[in-house]
Amino acid sequence: MIITRRTLLGAAAAIACAAAIPAFAAKPLTIGFSQVGAESEWRTANTASIKDAAKKAGVNLKFADAQQQQQNQVKAIRSFIAQRVDVIAFSPVVETGWETVLREAKNAKIPVILTDRAVKVTDPSLYVSFIGSDFVEEGRRAGRWLLDYAKKNGDKPLNIVELQGTTGAAPAIDRRNGFAEVIGTNPKLKVIRSQTADFTRAKGKEVMEAFLKSEGKKINVLYAHNDDMAIGAIQAIEEAGLKPGKDIIIISIDGVKGAFEAMKAGKLNVTVECNPLLGPTLIQTAQDVVAGKPVPKRIVVNEGVFPAEVAAKELPNRKY
Ligand code: AHR
């Protein structure tokens, strides 16, 4: 081999590059995460879990709060694309309307991970993985608890009012369907009013006040798609001079500490768990995707049902 100046320069450049590799490899992973908002106790715990897991893993997390507006999420995703983050993750406010922006992410070769809520897209390759609960099953669990309650309490006709989550959001659609599917097997269980209260306490109270005004003592059961709306409704029920948990049976979803406190106080009858602690799984999945490892298309979270009878014992163990 003839060694020329050029060869030597090439070798020197190669050595310089090799020396630079460790520094390059140590570059932290950057994830752009668009959160729904801060509408509930569940959401606060979910945000904390994601921020905490990112910090522990040394991940650079770019966090954007969409304040429950889809257009804010679309804007955030576009900004993550422009910043060339390694992975985009988001918890979609609503199910539909994502095709265009997700295609932009795909064209930019940035993998997208869905957390908590699903999207409806015709092309499933627009995201790599969806980590979250089975909301239909949560609705079914709430319905099964009510079937059982009805059976144990003389199988009388029961009028139900329903506080739905955000219109168009996966948990609102799925929890409604799952519940309806199960209670549909008992013709004595009837949903007499159903309206959105946007997953918030304030709206839960407001809509429950309207239900009480129009239906009064006809209401036997309240089914709320999350604990926060149930807690708001409890206030409305008390202000109407009724006893929540007794005059009106209350079923809700999430399993946050506030719900356990309400159950301990005898004001809520059951909460179906929805686990918000998705941070560690999200960060691990993002790391795997970037490392080129195969990741499951769907990661479902394991959850339970907590009736009021176990609230006092379980409350000290609750992590959110
Ligand atoms: O998507 C999960 C739901 O969104 C939780 O049940 C609710 O509390 C939140 O706002």
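Every value quoted in this text rests on a predicted model; they were computed, and no experiment measured them.

Draft legend 1. Summary view of the UniProt feature "domain: Periplasmic binding protein" (unreviewed entry) in the chain. The UniProt feature table records "domain: Periplasmic binding protein" (unreviewed entry) at residues 31–293. The distance from the first to the last C-alpha atom of residues 31–293 is 17 Å, and the span holds 45% helix and 20% strand.

Draft legend 2. The arrangement of the pattern of salt bridges in detail. Evaluated as defined, the whole model comprises 26 salt bridges. With a shortest N-O distance of 2.8 Å, Glu238 and Lys267 are connected by a salt bridge. Here Glu238 is found in helix α8 (residues 227–239), whereas its partner Lys267 is found in the loop between α9 (257–264) and β10 (270–273), with 29 residues between them in sequence. Judged by relative accessible area, which is 28%, Lys267 ranks as partly exposed. Because the salt bridges share partners, they merge into one network encompassing Glu137, Arg140, Arg141, Arg144 and Glu181.

Draft legend 3. Region of the structure containing the domain arrangement of the chain. For the chain, the assigned domains read domain 1 (30–133 + 276–302) and domain 2 (135–274). Across the boundary between the two partners, domain 1 contributes 14 residues, which contact 22 residues of domain 2. Per-residue buried area on domain 1 facing domain 2 is highest for Glu41, Trp42 and Ser133; these three make up 39% of the total on that side. Scanning the region where domain 1 abuts domain 2 turns up one salt bridge. Note that Glu41 and Arg201 form a salt bridge whose closest N and O atoms lie 2.9 Å from each other. Our enumeration of links across domain 1 and domain 2 arrives at 10 residue pairs in polar contact (both at pLDDT 80 or more). Residues of the side of domain 1 that touches domain 2, tallied by class, amount to five nonpolar, four polar and five charged.

Draft legend 4. Just the packing of helix α3 (residues 70–82) against helix α4 (residues 99–107), in detail. Put simply, α3 and α4 touch, their axes get as near as 10 Å, and they point 10 degrees apart. Our classification of the angle between α3 and α4 gives roughly parallel. The segment α3 lies against α4, with Val74, Ile77, Arg78 and Ile81 engaging Thr100, Val101, Glu104 and Ala105.

Draft legend 5. Summary view of the packing of helix α7 (residues 201–215) against α8. Where α7 contacts α8, the axes come no closer than 7 Å and their chain directions differ by 45 degrees. By the angle between their axes, α7 is oblique relative to α8. Viewed along their axes, α7 and α8 form a crossing whose handedness is right-handed. Here Arg201, Gly204, Lys205, Met208, Glu209 and Leu212 of α7 come into contact with α8, specifically with Asp228, Met229, Ile231, Gly232, Ala233, Gln235, Ala236, Ile237 and Glu239. Along the lines of polarity and charge, the residues of the contact of α7 with α8 split into seven nonpolar, three polar and five charged.

Draft legend 6. Local environment of the environment of Val59. Following the sequence through the fold, Val59 ends up in the loop between α2 (41–57) and β2 (60–65). When the C-alpha positions of Val59 and Thr285 are compared, they lie 12 Å apart, and in sequence the two are 226 residues distant. The residues touching Val59, leaving out its near neighbours within four places in the chain, are Leu29, Ile31, Ala54, Ile283 and Gln287.

Draft legend 7. Just the sheet that holds strand β12 (residues 305–307), in detail. Spatially, six strands are ordered β7-β6-β8-β9-β10-β12 in an open sheet, and the strand pairing comes out mixed. Single-partner strands in this sheet number two, and they are β7 (189–196) and β12. Strand-to-strand twist of the sheet, defined as the mean angle between neighbouring strand axes without regard to direction, takes the value 15 degrees. Pairing analysis gives three bridges linking strand β8 (residues 221–224) to strand β9 (residues 249–254), with the strands arranged parallel. Among the inter-strand pairings, Leu222 is bridged to a residue of β9, identified as Ile250.

Draft legend 8. Structural detail: the nonpolar core. Of all hydrophobic cores here, the largest spans 52 residues; its most connected members are Leu146, Leu163, Met208 and Ile248. Here this core gets six residues from one element, more than from any other, and that element is α8. Other than its neighbours up to four places away in sequence, Ile248 contacts Met208, Leu212, Ile219, Asn220, Val221, Leu222, Ile237, Leu242, Lys243 and Asn269. Counting 23 residues, the second largest nonpolar core, distinct from the first, contains Phe90, Leu114, Val121 and Leu126.

Draft legend 9. Region of the structure containing α3. The terminal C-alpha atoms of α3 lie 19 Å apart, and with 13 residues this matches the ideal 18 Å at 1.5 Å per residue to within 8%. Taken residue by residue, α3 has Gln73, Val74, Ala76, Ile77, Phe80 and Ile81 as its buried positions. The arc that holds every buried residue of α3, seen down its axis, measures 160 degrees, which confines them to one face. What points out from α3, more than 90 degrees from its buried face, is the exposed set Lys75 and Ala82. Where the residues of α3 are buried, they touch β1 (30–35), β2, β3 (87–90) and α4. Just past α3, the residue Arg84 takes up positive phi, approximately 55 degrees.

Criteria and cut-off values
Position labels on residues start from 1 in each chain and follow its written sequence. Local features in this predicted model are restricted to residues of pLDDT 70 or higher, and side-chain atom pairs are both shown and tallied only at a pLDDT of 80 or more, whereas totals for entire chains, interfaces and linings draw on every residue. To obtain the side-chain values, all non-hydrogen atoms of the structure were included, while hydrogens and water were left out. UniProt positions are given in the numbering used here, feature names are shortened, and annotations may be inferred rather than shown by experiment. Helical segments are the DSSP runs of H or I of at least four residues, strand segments are the runs of E of at least two, and each set is numbered from the N terminus. By salt bridge we mean one thing: a side-chain nitrogen of Lys or Arg within 4 Å of a carboxyl oxygen of Asp or Glu. Throughout this description, buried means an accessible area under 20% of the type-specific maximum (1.4 Å probe, protein chains only), exposed means over 50%, and partly exposed covers the range between. Domains are outlined according to an automatic or database domain assignment. Any two residues whose heavy atoms approach within 4.5 Å are treated as being in contact. Two parts placed together each lose some accessible area under a 1.4 Å probe, and adding up what both lose gives the buried area. We define a polar contact as two N or O atoms separated by no more than 3.5 Å, with the added condition that, inside protein, one atom must be a possible hydrogen donor and the other a possible acceptor, whereas residues neighbouring each other in sequence contribute only through side-chain atom pairs. Under the scheme applied, nonpolar residues are Ala, Val, Leu, Ile, Met, Phe, Trp, Tyr, Cys and Pro; charged residues are Asp, Glu, Lys and Arg; polar residues are all the others, including Gly. Think of each axis as a best-fit line through the C-alpha atoms, taken over the contacting stretch in the case of a helix, with angles from 0 to 180 degrees between the N-to-C directions. Just so you know how the angles are binned, under 35 degrees is roughly parallel, over 145 roughly antiparallel, 65 to 115 roughly perpendicular, and the rest oblique. Note: crossing handedness is left-handed where the near helix turns anticlockwise from the far helix by less than a right angle, and right-handed where it turns clockwise. In this description, strands pair whenever DSSP reports at least two bridges between them. The set of buried Ala, Val, Leu, Ile, Met, Phe, Trp, Tyr and Cys residues whose side-chain atoms join them within 4.5 Å is what this entry labels a nonpolar core. An expected span of 1.5 Å times one less than the residue number is assigned to each helix. The directions considered for the arc are those from the helix axis to the C-beta atoms.

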